[in-house]
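Notes for the structure review
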Amino acid sequence: MTENTPHPTRQSSRQPDGTDGQLSLLHGFGAAKLPQTDPERARILPIAHVVLDAQLPHLDRFFDYSVPAAMDAEAQPGVRVKVRFAGREHAGFLAERVAEASTTATLLPLGKVVSPLRVLTPEILALATSVAARSVGTVSDVLRSAVPPRMARVEAEFVLPATAVPEPVPGPTPSEPEPARPREVPGPPATGTFQRYVNGPAYLQHLAAGESPRAVLTSLGGYGSRAWTEELTDAVAATVASGRGAVVVVPDQRDLARVEAVLVARLGAPAVARLTGEDGATPRYRNFLRVLQGTATVAVGTRSAAYAPVRNLGLVCLWDDGDDQHVEQRAPYQHIRDVVLLRAEHEGAGILLSSFARSTEAQRLVDTGWARAIQADRTEVRRASPRVVHAADAFQMERDPHAAQARIPHAAWAAAQAGLKKGPVLLQVARTGFSPAVACDRCRHPARCSVCAGPLAQTGRNAPLACRWCGRPDNHWACSACGGTRVRATVAGATRTAEELGRAFPGVPVISSAGEHIVDTVLDVPAVVVATSGAEPVAAEGYAAVILLDGNAMLSRETLRAGEDALRRWFSAAILARPSTSGGTVVITGDDDVAVGHLVRWDPAGAASRELVERQELGLPPAVRYAVLTGTREALVHFLEGMDLEGAARVVGPAPVPPDVRREAMLAVRAALPPRGIGKAMPSTDALAGQGSHRVLLFFPYRTAAGITRQLRARRAALSARRTGDPVHIRLDALDVL
């Protein structure tokens, strides 16, 4: 392994008994106690490089241990081990075995081989190293997401006990059973879901021929036999037909259930392994081992599936890369899009980024020529997409002058009434709940909690006010600005919208899909479906009409990506409507003619291209990369003093962090904190959540990104080893800061 960052050197220290040992790198602990007798080492490759399961940045490196002869057979690269470090037992992975140590100090022997299964493959270790370098994290943090926790009972299904080992015969060993042959899969069909796209058939042909094409697909398949799940399955089937494996990553459980069902129907259950933490530790580990040993050739799941050790990987598919659920919630907070791109590059695999609305990051890949665009021509777009009506354009404003002020304008009511005669109607709203935000009825000042200053909300028409942050009820609220005691809703949630529509359309079923109550599918009968973004059910024959409410609320979010995210949510809901040739209609509310215009023209590629050009002119992501450094003002100044950024990066700050941002980050990190383990040093909550009082932003171009990230890692490791000053939290390319 090439070390990209400087680390404390390993030195020889004299022990009380006169022997030498590795100097402890953990302050507060004495030097490791060496065994009285050094066990006999293995004759071949007697030195093991071990990756410790440690969160301290200055321990992000390989450590040398001797391999006892008794462990020679089991101590193979990729196995879990236990070792002594700083006087304590630590877990880790044996990364590789070498002939000579990198230090002259006396080495401690490996303590224990936890399991003979080689769960960490060289490819995944190389990927974790690249992800850690790009995200300014540690390899052990990435491996915590890549390799699931060990389940001994599950391993018993894959490893024969020692007493049952048969006589040696030519062929695979018991610890590495011969992989089951995947079922024969026919090649891609002559006509399929890719036929309607420019470059689509050629992409499948390259995959079937054993090549590794890279593409960005703008999908038109919202439901039915030509849905996006069928498109991904066509690409996977072409890859499997060439004798290779594939990985499919989706953002949530609903998408996972849909695409898994299609993959299993096409390839068979033995060939498909589902990887998601929601299933629990035991099923996840069992499926992980199925992939590891080759009995499953296709891995499908959420974020962790990106690291699935698929043999002979030929394709990596990522669905809806713009969804923020693809961001890892623990350090180093890597985006799975970056992970799959790195993996495709490392292993020479093909890649397919597919979505209804193209992200600016995907557009950048197309503009640079790294990937090819797969999209329909205008004739096919007009045939497959619904008719989109802007409720606040000049024509509609002439007919309804109050359309801009009404939450549900006349055009939306008319479309809903006409649609209910032919089938279900979908209404997309911005917020869940009844009244998620309220204000003083007299002066319109936002209602805040008297304890924590959090926003107050109502869960029902006659429900008391309660804080959305701390949950405290406030039965005697009074406005801090004018003293008023009456409130009004500033935002109507899904529950209130469903209640109002139930009164407007008596006798029509009203279905709410939001919050903890999410509906997956609805029947093809007249019904009003109210759903928040991302929770829209799928109608078997498509919706007769789709009404996109709260457009201004989505566009007015205080984030750089407000317009991009709003378009992604609109396209994802609008594609569920029937095509215009079947009478499908979409009504959009919103004042931004530019953003709404892209939906009216059904031009997601043009929207992404326009947005990327504007970001390039302003020097904002993803045209450039950026790092967020959070901590106390003194700690940030001290951190930057040790870096050479002259001309390489644009520095913004230090600036105070808004109190509400700090509080929400604190709540999020507490929910994501891992449990304490043996030998794990738990960093402070401030260090994890970025709860310092100030923040610095570093903007730098891609050509200098490798050097900047190396400096950031080196500086953080050096300060971690010295334990000087307050911690500085680092995040790369964060989505929730700008």
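None of these values were measured; they are calculated from a predicted model.

What counts and how
Residues numbered from 1 in each chain as written. Predicted model: local features only at pLDDT ≥ 70, side-chain atom pairs only at ≥ 80, totals over all residues. Heavy atoms only, no water. Helix = DSSP H or I, 4+ residues; strand = E, 2+ residues; numbered from the N terminus. Polar contact = N/O pair within 3.5 Å; in protein donor to acceptor, adjacent residues only side chain to side chain. Pairing = 2+ DSSP bridges. Axes fitted to C-alpha atoms, helices over the stretch in contact; angles between N-to-C directions. Contact = heavy atoms within 4.5 Å. Core = buried A, V, L, I, M, F, W, Y, C linked by side-chain atoms within 4.5 Å. Buried < 20%, exposed > 50% of the residue type's maximum accessible area, 1.4 Å probe, protein only. Expected span 1.5 Å × (residues − 1). Arc of directions from axis to C-beta. Right-handed = clockwise from strand over helix to strand, strands pointing away. Parallel < 35°, antiparallel > 145°, perpendicular 65-115°, else oblique. Nonpolar A, V, L, I, M, F, W, Y, C, P; charged D, E, K, R; others polar. Salt bridge = Lys/Arg side-chain N within 4 Å of Asp/Glu carboxyl O. Phe/Tyr/Trp six-rings, centres within 6.5 Å; stacked < 30°, edge-to-face > 60°. Lys NZ or Arg CZ within 6 Å of the ring centre and 35° of its normal. pLDDT = per-residue confidence, 0-100.

Quick look at the side chain of Thr103
Within the secondary structure, Thr103 sits in the loop between β6 (88-98) and β7 (112-115). One polar contact links the side chain of Thr103 to the main-chain amide nitrogen of Ala105, over a distance of 3.2 Å.

With respect to the sheet that holds strand β29 (residues 694-700)
Pairing is antiparallel in the open sheet, where four strands are placed in the order β28-β29-β27-β30. For this open sheet the edge positions go to β28 (650-656) and β30 (729-732), each flanked by a neighbour on one side alone. Mean inter-strand twist for the sheet, computed between neighbouring axes without regard to direction, equals 15°. Alignment of β28 against β29, held across five bridges, turns out to be antiparallel. If you follow Pro656 over to β29, its bridge partner there is His694. Strands in contact with helix α21 (residues 705-722) are β27 (625-631), β29 and β30; relative to β27, the strand with the most contacts, it is inclined by about 20°.

Considering the nonpolar core
By size, the foremost hydrophobic cluster in this structure holds 66 residues, and its most contacted members are Tyr203, Val236, Leu352, Trp570 and Leu599. For this core, the element with the highest residue contribution is helix α5 (residues 228-241), accounting for seven residues. When residues no more than four places from it in sequence are discounted, the contact partners of Leu599 are Val388, Leu548, Leu567, Trp570, Phe571, Ala574 and Ile588. By size, the runner-up hydrophobic cluster in this structure holds 53 residues, among which are Val147, Val291, Leu365 and Val366.

As for helix α1 (residues 122-135)
Compared with an ideal rise of 1.5 Å per residue, which puts 14 residues at 20 Å, α1 spans 20 Å between its outermost C-alpha atoms and is within 8% of the ideal. Listed as buried for α1 are Ile124, Leu125, Leu127, Ala128, Val131, Ala132 and Ser135. All buried residues of α1 lie within an arc of 160° about the axis, which places them on one face of the element. Looking one or two places after α1, you find Val136, whose phi comes out positive at around 55°.

Topic: the environment of Tyr203
Note on placement: Tyr203 falls in helix α4 (residues 200-208). By relative accessible area, which is 4% here, Tyr203 ends up buried. Residues Tyr203 and Ala235 lie 32 residues apart in sequence; the distance between their C-alpha atoms is 8.3 Å. Each residue touching Tyr203, except ones within four places of it in the same chain, is listed here: Phe194, Pro213, Arg214, Ala215, Ala235, Leu315, Ile351, Leu352 and Ile374.

With respect to the pairing of strand β11 (residues 298-301)
The alternating pattern of β11 places Val298 and Val300 and Ala299 and Gly301 on opposite faces, both of which are buried. One ladder, built from four bridges, connects strand β9 (residues 245-249) with β11; its direction is parallel. Bridging across to β11, Val249 finds its partner in Gly301. In this sheet, β11 lies alongside strand β10 (residues 272-275) in parallel orientation, the contact comprising four bridges. Following the sheet pairing, Leu275 is matched in β11 by Gly301. Handedness of the β10-helix α7 (residues 281-292)-β11 crossover: right-handed.

Notes on helix α15 (residues 562-574)
The terminal C-alpha atoms of α15 lie 18 Å apart, and with 13 residues this matches the ideal 18 Å at 1.5 Å per residue to within 8%. Taken across its 13 residues, α15 has 11 buried, putting it largely inside the fold. Within α15, burial applies to Ala562, Glu564, Asp565, Ala566, Leu567, Arg568, Trp570, Phe571, Ser572, Ala573 and Ala574.

Some points on the packing of helix α9 (residues 360-367) against helix α17 (residues 604-618)
As a packed pair, α9 and α17 sit with axes 9 Å apart at the nearest point and diverge in direction by 85°. Looking at the two axes, α9 sits roughly perpendicular to α17. Residues Thr360, Gln363, Arg364 and Asp367 of α9 pack against Ala605, Ala608, Ser609, Glu611, Leu612 and Arg615 of α17. Looking at the contact of α9 with α17 residue by residue, the classes come out as three nonpolar, three polar and four charged.

Comments concerning the pattern of salt bridges
This model, assessed by the stated rule, comprises 29 salt bridges. For Glu157, the salt bridge identified is with Arg286, shortest N-O distance 2.9 Å. Of this pair, Glu157 sits in the loop between α3 (152-155) and α4 while Arg286 is found in helix α7, placing the two residues 129 residues apart along the sequence. Within this structure, Asp321, Arg337, Glu361, Arg561, Glu564, Glu611 and Arg615 form a network of salt bridges that share partners.

Structural notes on the side chain of Glu361
With respect to the helices and strands, the residue Glu361 is situated in helix α9. Of the polar contacts made by the side chain of Glu361, one reaches the side chain of Arg561; its length is 2.5 Å. Setting aside anything within four residues of it in sequence, one finds Glu361 in contact with Arg337, Arg561, Glu564 and Pro622.

Some points on the packing of aromatic side chains
All told, the structure shown has eight aromatic pairs when counted by the stated rule. Summarising the aromatic geometry, the rings of Phe194 and Tyr203 are spaced 6.2 Å apart at their centres and angled 10° between planes, so their arrangement reads as stacked. Judged by centre distance (5.0 Å) and plane angle (85°), the rings of Phe571 and Trp602 are edge-to-face. Separated by 31 residues along the polypeptide, Phe571 in helix α15 and Trp602 in the loop between α16 (593-600) and α17 bring together distant segments of the chain. On the basis of relative accessible area, Phe571 is assigned to the buried category, the value being 1%. One aromatic cluster is present, formed by Phe194, Tyr197 and Tyr203 through successive ring pairs. A cation over an aromatic ring shows up here: Arg214 above the ring of Trp370, its NZ or CZ 4.2 Å from the ring centre. The side chain of Arg364 reaches across the aromatic face of Tyr702, ending 3.6 Å from its centre.

Looking at the sheet that holds strand β5 (residues 80-85)
In space, the five strands of this open sheet follow the order β4-β3-β6-β5-β7, with antiparallel pairing throughout. Of all the strands in the sheet, the pair left with one neighbour each is β4 (62-66) and β7. The average angle at which neighbouring strand axes cross in this sheet is 45°, direction not considered. As paired strands, strand β3 (residues 47-52) and β6 are joined by six bridges and run antiparallel to one another. By the bridge assignment, Ile47 is partnered in β6 with Val98.

A closer look at the confidence of the model for the protein
Atomic detail in the predicted coordinates should be set aside for any region of low pLDDT. Here the protein averages 82 in pLDDT, and 81% of its residues register 70 or above. Counting interchain partners and residues more than four positions distant, the pLDDT-below-50 stretch residues 667-691 has 44 contacts.

A closer look at unusual backbone geometry
In this structure, Pro332 follows Ala331 across a cis peptide bond, with omega equal to 5°. Mapped onto the fold, Pro332 is located in the loop between β12 (313-319) and α8 (336-347). Going from Pro621 to Pro622, the amide bond is cis rather than trans, its omega being 5°. Within the chain, Asn312 stands out as a residue other than glycine whose phi angle is a positive 50°. With respect to the helices and strands, Asn312 occurs in the loop between β11 and β12. Phi at Asp550 is positive, roughly 55°, even though this residue is not glycine. With respect to the helices and strands, the residue Asp550 is situated in the loop between β25 (545-548) and α14 (551-555). Residue Asp550 is classed as buried on the basis of its relative accessible area of 13%.

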